[in-house]
Amino acid sequence: MRDYLTIDLAGKTVERETWTGEQLARAGRYYIAKTMVERGLAKIDPFSPENPLIFSVGPFAGSNMSNANRISIGCKSPLTGGIKEANAGGTFGFALGQAELCGLTLENASDDWTVIYITKEGDVSFHDASPYMGKGVIESAALLHDEFGEKVSLAICGPVGEYQGLMAGISMSDPEGRPVRIAARGGVGAVMGAKKVKALVCDKNKMPTYHDRRGVMKAVKEYGAKLKEDAAVQNLGAKGTALVADVMNSMGGLPVRNFSGGQLVDSTKERMRMGGDFIREQNMERGGTPTHACMPGCMIKCSNIYADKDGNEMVSPLEYETIGLLGTNCGLEDPDHVAKLNMTANDLGVDTIELGATLALLMEKGVAEFGDVPFMEAALEDIRVGNERGKMLSDGAARVGEKLGMTRVPVIKKQAISAYDPRVIEVTGISMMSTAQGADHTTGNLPTHDCDGKSTEELVGESMTVQMLCAAADSVGLCLFGRSVTNINHDLVVGAINDAIGTELPNTFLKELGVETLALEEKFNDDAGFNAEDDELPEFFYKENLAPSDKTARHHANEVRAHRADWMANAAVEFGLTQSGADRLY
Ligand code: SF4
């Protein structure tokens, strides 16, 4: 049993509803899509008070189950115009769970900027936000801790979110209090800004009650043991996500200089300084921390704390997507440069994928050379103060590309493509094309899948299977990096859910939840007016050969859509849904 809070910002009132059973397992990305479809919000203005901002956590929130405390934040995206779920690690979902809450929705908009404080008993109060306005995320967090104490977790709207820049995310505390775990994509921070909510503050308490606590603890142990034995998890823990840069560089799928190349260095001849191997070694020599858990209990610890040459902390974490988009895609070759820019981006609370894609466009246009760090720092300063150029840049790659009259703009549904060139990393490319979320690798990433000689139909099948599993994980608060274990142990995960909330869900529950989530998201975007044209890759991916593989993109949206529809129809039959997951609900 958990409570869900509906917070009406206009009237400053709070409604509390008690949720039980399966309701608590149908959380996160599923709950966001279901709510947005049921309420018929596809055509609203994302910045209008009608756009709810939903914070939802899964059944393990507040526990020490490894990588099971992610929080999903969703609304209609002001960046894409479609459905949006951005999830993040950190401790805010953990704190909500410990307050015996399963989530909250911010409805309408406040007249004055406000900070919302949630006590460990789940009581809500509203506080004047003026001391925090215009301040960076780091300073805001320090001031919020001065006011509310150290034993709280924060979710902050940064200075860019305040002026509704579309690359603004929502920044949440990590276990040591760094406000750097960002629900980054799709402009959720801009929607928080439109609602005039500067921050949410939630007490941290103790593990919440569970239906069968002993059963949950047994599952925590068993899941932990499986993670410990898993080679993929061990690798991720040892080198962090930065290791993906080495892999993508050798496969030729790394974004380099606005996706004009797929490899930064020939790794048979030269060591790549922007890769996980080099970064880990240098970081350890400097006294940094190569493995770090972004949330309590995570045994994978894919994160890091990156130190400068004097051993001082520069940024935490330094992750692959940032290395790719804000680094190699902007022509950088030194991880120290990316780390410094990453820290500034964290202080602004913005999506480093969107930011990197945007700045690379200016470099391609000739406003600056690729690799010009002072130019990038000046652009970030403009974004911080929100001057004319800063506001223009803060709206992301699609709008900036359009304004500059450019054709090589790497976006799908107006959201920047993640650090996997779709000409080479084809399954991930198909996932980014076909997901309703806009170009987002986390919806269905299979970076090392061998795609050579495989048909569009085969690869769409691979993409849809992984999209289903990712949608399920995003709907119960599991971090995708545990997927090599969770995806093949649904009995263990569903058993733990049943023990946590007293349900008797079958082992097929997760797949069913994933399919229904995908169907609901598709319905929302259909209602919003999206069509096959919106799924197509930008033309240059089909026309320009990518070095060194010499590949061009070969999958077109119409064909991808047709195979996706077949896959969804088959899945609907498999799970006993009438036509699609959405039909069962309507
Ligand atoms: S695997 Fe990494 S991102 Fe996922 S919960 Fe653990 S530390 Fe956080």
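Rules used in this analysis
Residues numbered from 1 in each chain as written. Predicted model: local features only at pLDDT ≥ 70, side-chain atom pairs only at ≥ 80, totals over all residues. Helix = DSSP H or I, 4+ residues; strand = E, 2+ residues; numbered from the N terminus. Rg over C-alpha atoms; globule rule 2.2 N^0.38 Å. Buried ≥ 20, exposed ≤ 12 C-beta atoms within 10 Å, placed from the backbone. Contact = placed C-beta atoms within 7 Å. Expected span 1.5 Å × (residues − 1). Pairing = 2+ DSSP bridges. Axes fitted to C-alpha atoms, helices over the stretch in contact; angles between N-to-C directions. Near = placed C-beta within 6 Å. Nonpolar A, V, L, I, M, F, W, Y, C, P; charged D, E, K, R; others polar. Core = buried A, V, L, I, M, F, W, Y, C linked by C-beta atoms within 7 Å. Parallel < 35°, antiparallel > 145°, perpendicular 65-115°, else oblique. Left-handed = near helix turned anticlockwise from the far one by under 90°.

**Student:** Just checking my understanding: could you explain the overall build of the chain for this structure?
**Tutor:** In terms of regular secondary structure, the chain is built from 24 helices and 17 strands. Computed over the C-alpha atoms, the radius of gyration of the chain is 22 Å, within 12% of the 25 Å expected from 2.2 N^0.38 for a compact globule of 586 residues. Principal-axis analysis of the C-alpha atoms gives the chain an extent of 55 × 55 × 45 Å. A total of 586 residues make up the chain; the buried ones form 59% of that total. Nonlocal contacts in the chain, meaning residues at least 24 apart in sequence, comprise 71% of its contacts between residues at least 6 apart.

**Student:** Where do I start with helix α19 (residues 490–501) in this structure?
**Tutor:** Each α-helix winds once per 3.6 residues, and so residues spaced three or four apart point in a common direction. Between its first and last C-alpha, α19 extends 16 Å over 12 residues, near the 16 Å set by a 1.5 Å rise per residue. Burial in α19 covers these residues: V493, V494, A496, I497, N498, D499, A500 and I501. Its buried side turned inward, α19 meets α6 (213–229), α17 (456–476), α18 (483–486) and α20 (509–528). Trailing α19 by a residue or two, G502 shows a phi angle of about 75°, which is positive.

**Student:** Is there a simple way to explain helix α10 (residues 320–327) in this structure?
**Tutor:** In terms of residue burial, α10 counts as a mostly covered element, since 8 of its 8 residues are buried. Looking only at α10, the buried set comprises Y320, E321, T322, I323, G324, L325, L326 and G327. Where α10 is buried, its residues meet α8 (243–251), α11 (335–348), α12 (352–365) and β17 (415–416).

**Student:** Any chance you could explain the sheet that holds strand β3 (residues 53–57) here in plain terms?
**Tutor:** Note on sheets: strands pair through backbone hydrogen bonds, and any given pair is parallel or antiparallel. Spatially, 6 strands are ordered β2-β1-β6-β3-β4-β5 in an open sheet, and the strand pairing comes out mixed. The open sheet terminates on both sides in strands that have one partner only, identified here as β2 (13–19) and β5 (83–88). Averaged over all pairs of adjacent strands, the angle between their axes in this sheet comes to 15°, without regard to strand direction. As paired elements, strand β1 (residues 2–8) and strand β6 (residues 101–107) share 6 bridges and run parallel to each other. Paired with Y4 across the strands is G103, a residue of β6.

**Student:** For this particular structure, what's the right way to read the site of the ligand?
**Tutor:** Every residue lining the ligand is accounted for by N67, G89, A293, C294, M295, C298, I300, K301, C302, S303, C479 and F481. In terms of residue class, the shell around the ligand is built from 8 nonpolar, 3 polar and 1 charged.

**Student:** When you look at the nonpolar core in this model, what are you seeing that I'm missing?
**Tutor:** Side chains of a nonpolar character, in soluble globular proteins, are inclined to be buried together. In terms of nonpolar packing, the biggest core is built from 184 residues, with I73, L154, I170, A199, V201, C202 and A245 touching the most fellow members. Of all the elements, α17 adds the most residues to this core, at 10 residues. Setting aside residues up to four positions removed in sequence, A245 forms contacts with L254, M272, M274, G275, G276, Y320, I323 and G324.

**Student:** Teacher, can you tell me more about the sheet that holds strand β9 (residues 152–157) here?
**Tutor:** Spatial strand order, β8-β7-β12-β9-β10-β11: 6 strands in an open sheet with mixed pairing. Strands with a single pairing partner mark the edges of an open sheet, and in this sheet they are β8 (124–128) and β11 (181–183). Taking the axes of each pair of neighbouring strands and ignoring which way they run, one obtains an average angle of 20° across the sheet. Bridge analysis of β9 against strand β12 (residues 197–203) gives 5 bridges, and the strand direction is antiparallel. If you follow S153 over to β12, its bridge partner there is C202.

**Student:** Help me understand the pairing of β5 in this model?
**Tutor:** Every regular strand shows the same layout, with side chains that alternate between the two sheet faces. Of all 6 residues in β5, 6 are buried, a share of seventy percent or more. In the sheet, strand β4 (residues 71–76) pairs with β5 via 6 bridges, with the strands oriented antiparallel. In the strand pairing of β5, K76 is matched with I83. Connecting the antiparallel pair β4 and β5 is a turn made up of 6 residues, with G81 showing a positive phi of about 80°.

**Student:** Help me understand the packing of α17 against helix α23 (residues 557–574) in this model?
**Tutor:** When two helices pack together, their arrangement is captured by the angle between the axes and the distance separating the axes. Where α17 meets α23, the axes come as close as 9 Å, and the angle between the chain directions of the two elements is 55°. By the angle between their axes, α17 is oblique relative to α23. Judged by the twist between their axes, the crossing of α17 over α23 is right-handed. Residues T456, E457, V460, G461 and M464 of α17 pack against E559, V560, H563, R564 and W567 of α23.

Don't take any of this as a statement about function, it's just geometry.
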